[in-house]
Amino acid sequence: MKKKINKEELQHKIIETITKRKGRIKRKDLWKASKISSEIGTKALMELIKNGKLLQVEEYINGKKTLYLKLPSKELKIISLEPLKGIPCLPCNEYNFCSEMGNLTPITCKKMDEWLEAS
Ligand code: SF4
């Protein structure tokens, strides 16, 4: 008689399978690769996605939508905000009305020109 597998074991097996595939797998390939039936594993998979332990992303290959499952990246990129120090847009009262198009744009803004010249 086969041992009944619980949800945590299913989730562990799903993560392990995706890890072995370098952190990414087509969703349709998951069940065959993990040797879990979709009927048993779908609920565990959906919980992993809901809790952010797995990402489900759509990619278009030759115009055809394919669902991929990916492990979330553990790398956090730290970027310096130093180059933006003193940018006039953050305290600007016109910020909500300024855009690439229209009368008020960064291209014609004197405050922006002054900041760029001083930077
Ligand atoms: S570009 Fe000029 S007008 Fe626009 S938000 Fe920045 S400072 Fe304000």
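Each chain has its residues counted from 1, running along the sequence as written. With pLDDT at 70 or above as the cut-off, local features in this predicted model cover only qualifying residues; side-chain atom pairs require 80 or more to be listed or tallied, and sums for whole chains, interfaces and linings still use all residues. With hydrogens and water set aside, each side-chain value is computed from the structure's full complement of heavy atoms.

## Some remarks on the site of the ligand
- For this description, a residue counts as near a given molecule or strand if any of its non-hydrogen atoms is within 4 Å of it. Around the ligand, the structure places Pro88, Cys89, Cys92, Tyr95, Cys98, Pro106 and Cys109.
- Put simply, Ala, Val, Leu, Ile, Met, Phe, Trp, Tyr, Cys and Pro go in the nonpolar bin, Asp, Glu, Lys and Arg in the charged bin, and everything else, Gly too, in the polar bin. In terms of residue class, the shell around the ligand is built from seven nonpolar, no polar and no charged.

## Description of the domain arrangement of the protein chain
- Each assigned domain of the protein chain is listed with its residue range as follows: domain 1 (7-70) and domain 2 (84-118).
- The C-alpha-based centres of domain 1 and domain 2 are spaced at 45 Å. Delimitation of the domains relies on an automatic or database domain assignment.

## Remarks on the pairing of strand β3 (residues 64-70)
- With three bridges joining them, strand β1 (residues 24-26) and β3 adopt antiparallel strand pairing. Among the inter-strand pairings, Lys26 is bridged to a residue of β3, identified as Tyr68.
- Note that strand β2 (residues 55-61) and β3 share seven bridges and pair antiparallel. Counterpart to Val57 in the pairing with β3 is Tyr68. When DSSP finds two or more bridges between a pair of strands, those strands are recorded as paired. A run of H or I in DSSP counts as a helix once it spans at least four residues, and a run of E counts as a strand once it spans at least two, with each numbered from the N terminus.

## Quick notes on the sheet that holds β2
- One open sheet holds the three strands; their spatial order is β1-β3-β2, and the pairing between them is antiparallel. Every other strand in the sheet has two partners, leaving β1 and β2 as the edge strands with one partner each. Each strand of the sheet is rotated relative to its neighbour by a mean of 35 degrees, with strand direction disregarded. Whenever a helix is involved, its axis is fitted only over the stretch in contact; in every case the axis is a line through C-alpha atoms, and angles between N-to-C directions fall within 0 to 180 degrees.

## Re unusual backbone geometry
- If you check the backbone angles, Lys22 has positive phi at about 60 degrees while not being a glycine.
- Tracing the sequence through the fold places Lys22 in the loop between α1 (7-20) and β1.
- A residue is classified by how much of its surface remains accessible, and Lys22, at 80% relative accessible area, is exposed.
- Within the chain, Lys35 stands out as a residue other than glycine whose phi angle is a positive 60 degrees.
- Structurally, Lys35 can be placed in the loop between α2 (27-34) and α3 (38-50).
- Lys35 gets classed as exposed once you look at its relative accessible area, which sits at 72%. Only protein chains enter the accessibility calculation, which uses a 1.4 Å probe. A residue is then buried if its area is under 20% of the maximum for its type, exposed if over 50%, and partly exposed in between.

## As for the layout of surface pockets
- Points on a 1 Å grid over protein atoms alone make up a cavity when a 1.4 Å probe fits among them but cannot get out, and a pocket when they form an open set with protein on both sides within 12 Å along at least five of seven lines; lining residues each have an atom within 4 Å of a point. Grid points are joined across faces, edges and corners, and a volume is the space filled by probe spheres set on the points. In this structure, the largest pocket spans a volume of roughly 180 Å³.
- Lining the largest pocket we find Pro88, Cys89, Cys92, Glu94, Tyr95, Cys98, Leu104, Thr105, Pro106, Cys109, Lys111 and Met112.
- Tallied by class, residues from the lining of the largest pocket come to nine nonpolar, one polar and two charged.

## Brief notes about the confidence of the model for the protein chain
- Scored between 0 and 100, pLDDT is the confidence that the predictor attaches to each residue. Chain-level pLDDT for the protein chain is 90 on average; 97% of the residues reach the 70-or-more range.
- Looking over the protein chain, one finds the lowest element-wise mean pLDDT in β2, namely 90, and the highest in α2, namely 96.

## Describing α1
- Between its first and last C-alpha, α1 extends 20 Å over 14 residues, near the 20 Å set by a 1.5 Å rise per residue.
- For α1, the complete set of buried residues consists of Leu10, Gln11, Ile14, Thr17 and Ile18. Mapping the buried residues of α1 onto a view down its axis gives an arc of 125 degrees, with all of them on the same face. α1 presents Glu8, His12 and Lys20 as exposed residues on the side facing more than 90 degrees away from its buried surface.
- Residue contacts are defined here by distance: any two heavy atoms, one from each residue, within 4.5 Å place the two residues in contact. In this structure, the buried side of α1 is in contact with β1, α2, α3 and β3.
- If you check the start of α1, you find a side-chain oxygen 3.1 Å away from the backbone N of Glu8, and it comes from Asn6. Multiplying 1.5 Å by the helix residue count minus one yields the expected span of that helix. To obtain the arc, one takes the directions from the helix axis to the C-beta atoms. Here a polar contact is taken to be a pair of N or O atoms separated by no more than 3.5 Å, where protein atoms must pair a possible hydrogen donor with a possible acceptor and residues adjacent in sequence count only if both atoms sit in side chains.

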